[in-house]
Amino acid sequence: MNKYHYLAVTIILSVGSVFMNVAEAQKLDLVIGTYTNKGTSEGIYVYEFDCQSGKSTYKNKVTGVSDPSYLAISKDSKFLYAVNEGEAAVSAFSFDKQSGAITFLNKKPSKGGAPCYIVTDQSQRHVIVGNYSGGNLSVFPIKEDGSIGDAIQTIQHKGSGVDKERQEGPHVHSTVFSPDQKYVFVSDLGTDQISSYKFNPSSAAQPLSPASPAYTEVPKGSGPRHLDFHPSGKFAYSIQEMSGNVSVFQYQQGQLKLIQNISMLDPGFKGKTGAADVHVSPDGKFLYTSNRGDANDIAVFSINPSNGKLSLKGRSSTLGKGPRNFAIDPTGNYLLAGNHNSDYIVVFKRNKTTGLLADTGERIKVGAPVCLKFVR
């Protein structure tokens, strides 16, 4: 083989390798958390999702897991953490990306009733859990084998809101890291506050400490639930479960400044409101919010790139009931809506120019899907 033949073969092999890598990158694992207390779900499910075609293929599952209603994936994708909402516990698992196998490691008490949110830090040293009924949050150390130790810190919130039935006391609904991982923001539906904590991963006893200011208030009776940051790190968006509003904040060095409240509801809507989830598209151009209750839809907002404010662009039915959670794949091609009460996930194609959604006809049939996480 002369040098020209050798060069040609080398180029062909290199191009082939690139195509293989691109093809592999188009397919990601989708891990699905569920409620198991009634219905058909058996635990946590893994599907392979094709980010180009929108099609999915069943890959694996782990059974015998009680109410894994919210999940977190470690940065290296080797471990998975789940709340066990009905048991007031937190479970750790190993995760094999190749096979999709999920292997139970251990379980610890969450130190509060109805844990509903869980997150891990990028250094993979801690898990932070929000306990809804307990009105508190707990921090757990992660051991070298990926299992979790006993809670090393539990912070109890205090106070109440104007709605004496829904806001009779604190109800922690999410624990979200700032983009730089220096702060944790805790949305409390019961007190209409988003608390701010400094995060020190090196602290063995108290990784969290109150920031200044210690909290940011939202309009009374709003019920803050979930929070998502803009890819620029300059803005944050809070979904208000009770009012159906989205609160827009300027963000800088641990401080949230409220600059807009905008409703996700149709002006003529008279039914029950149950705003649930909120996500910014990967390109930072659009924001999506889901509403359970009687609406069962997703609202689409455009984001002003200069000030982060929102403008409503449209709404799409989730074609099912109870869209408690949804996810946008990392390419931004598809939005997947988990219809909790219909036992399936609907795959929508995203128009990256308008932000609007179109049904692909693709469905993932899983009992009570309430948490969708892509594994990179």
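Refer to the structure presented above.
In this report, we go over the structure that sits alongside the text.

## Structural notes on the pattern of salt bridges
Reasoning step 1: The full count for this structure, using the stated rule, is 10 salt bridges.
Reasoning step 2: Taking the shortest distance from any N to any O, the salt bridge between Lys-107 and Glu-87 comes out at 2.7 Å. Of this pair, Lys-107 sits in strand β7 (residues 102-109) while Glu-87 sits in the loop between β5 (79-84) and β6 (89-95), and the two are 20 residues apart along the sequence.
Reasoning step 3: Judged by relative accessible area, Lys-107 falls into the partly exposed class, the value being 37%.

## As for unusual backbone geometry
Reasoning step 1: Here Ser-212 and Pro-213 are connected by a cis peptide whose omega angle stands at 0 degrees.
Reasoning step 2: Residue placement: Pro-213 occurs in strand β15 (residues 208-217).
Reasoning step 3: Phi is positive for Asp-67, close to 45 degrees, though the residue is something other than glycine.
Reasoning step 4: Considering the arrangement of structural elements, one finds Asp-67 in the loop between β3 (56-63) and β4 (71-73).
Reasoning step 5: In this model, Lys-111 sits at a positive phi of 70 degrees, which is unusual for a non-glycine residue.
Reasoning step 6: As for its position among the elements, Lys-111 is in the loop between β7 and β8 (115-120).

## Re the environment of Glu-217
Reasoning step 1: When you line up the elements, Glu-217 lands in strand β15.
Reasoning step 2: Since its relative accessible area comes to 48%, Glu-217 is described here as partly exposed.
Reasoning step 3: For the pair Glu-217 and Val-375, spaced 158 residues apart in sequence, the C-alpha separation works out to 34 Å.
Reasoning step 4: Setting aside its immediate chain neighbours within four residues, Glu-217 contacts Asp-192 and Gln-193.

## Brief notes about the layout of surface pockets
Using a probe with the size of a water molecule, rolled over the atoms, empty space left in the structure can be pinpointed.
Reasoning step 1: Estimated volume of the largest pocket: approximately 1400 Å³.
Reasoning step 2: What lines the largest pocket is a set of 40 residues, among which Asp-228, His-279, Lys-373, Phe-374 and Arg-376 lie closest to the centre.
Reasoning step 3: For the lining of the largest pocket, the class distribution of residues is 23 nonpolar, 11 polar and 6 charged.
Reasoning step 4: In this structure, the second largest pocket occupies an estimated 340 Å³ of space.
Reasoning step 5: Lining the second largest pocket are 16 residues, and of these Arg-166, Arg-225, Glu-241, Arg-292 and Arg-324 sit closest to its centre.
Reasoning step 6: Here the lining of the second largest pocket is composed, by residue class, of 5 nonpolar, 4 polar and 7 charged.

## Re the sheet that holds strand β21 (residues 286-291)
Working definition: the strands of a sheet are paired by backbone hydrogen bonds and lie parallel or antiparallel to each other.
Reasoning step 1: Strand order in the open sheet made by the 4 strands is β20-β21-β22-β23, with antiparallel pairing throughout. One side of each edge strand has no neighbouring strand; the edge strands of this open sheet are β20 (275-280) and β23 (310-317). Direction aside, neighbouring strands of the sheet carry axes that sit 20 degrees apart on average.
Reasoning step 2: Relative to β23, strand β22 (residues 297-303) runs antiparallel, the two sharing 7 bridges. Residue pairing for β23: Val-300 is matched across the bridge by Gly-314.

## Here's the deal with the pairing of strand β1 (residues 27-34)
On a regular strand, each side chain points to the face opposite its neighbour's, so the side chains alternate between the two faces of the sheet.
Reasoning step 1: Judged by how many residues are buried, β1 sits mostly within the fold: 7 of 8 residues are covered.
Reasoning step 2: Looking at chain direction, β1 and strand β2 (residues 43-50) are connected through 6 bridges and run antiparallel. Following the sheet pairing, Ile-32 is matched in β2 by Tyr-45.
Reasoning step 3: Direction of pairing for β1 relative to strand β28 (residues 369-375): antiparallel, over a ladder of 6 bridges. Within β28, the position partnered with Thr-34 by the bridge is Pro-369.

## Observations concerning the pairing of β20
Reasoning step 1: Counted residue by residue, β20 has 5 buried out of 6 residues, so it is predominantly covered.
Reasoning step 2: Relative to β21, β20 runs antiparallel, the two sharing 4 bridges. Pairing of His-279 across the sheet is with Tyr-288, part of β21.
Reasoning step 3: Hairpin connection from β20 to β21: 5 residues lie between these consecutive antiparallel strands, with Gly-284 at a positive phi of about 75 degrees.

## Re empty space enclosed by the protein
Reasoning step 1: For the structure shown, the criterion picks out 1 cavity of 30 Å³ or more.
Reasoning step 2: In this model, the largest cavity occupies a volume close to 60 Å³.
Reasoning step 3: Looking at the lining of the largest cavity, the elements with two or more residues in it are β16 (224-229) and β24 (323-328).
Reasoning step 4: Of the residues in the lining of the largest cavity, the class split is 3 nonpolar, 4 polar and 2 charged.

About the cut-offs
- Residues numbered from 1 in each chain as written.
- Predicted model: local features only at pLDDT ≥ 70, side-chain atom pairs only at ≥ 80, totals over all residues.
- Heavy atoms only, no water.
- Salt bridge = Lys/Arg side-chain N within 4 Å of Asp/Glu carboxyl O.
- Helix = DSSP H or I, 4+ residues; strand = E, 2+ residues; numbered from the N terminus.
- Buried < 20%, exposed > 50% of the residue type's maximum accessible area, 1.4 Å probe, protein only.
- Contact = heavy atoms within 4.5 Å.
- 1 Å grid on protein atoms, 1.4 Å probe; cavity = no way out; pocket = protein on both sides within 12 Å on 5 of 7 lines; lining within 4 Å.
- Points joined across faces, edges and corners; volume = space filled by probe spheres on them.
- Nonpolar A, V, L, I, M, F, W, Y, C, P; charged D, E, K, R; others polar.
- Pairing = 2+ DSSP bridges.
- Axes fitted to C-alpha atoms, helices over the stretch in contact; angles between N-to-C directions.

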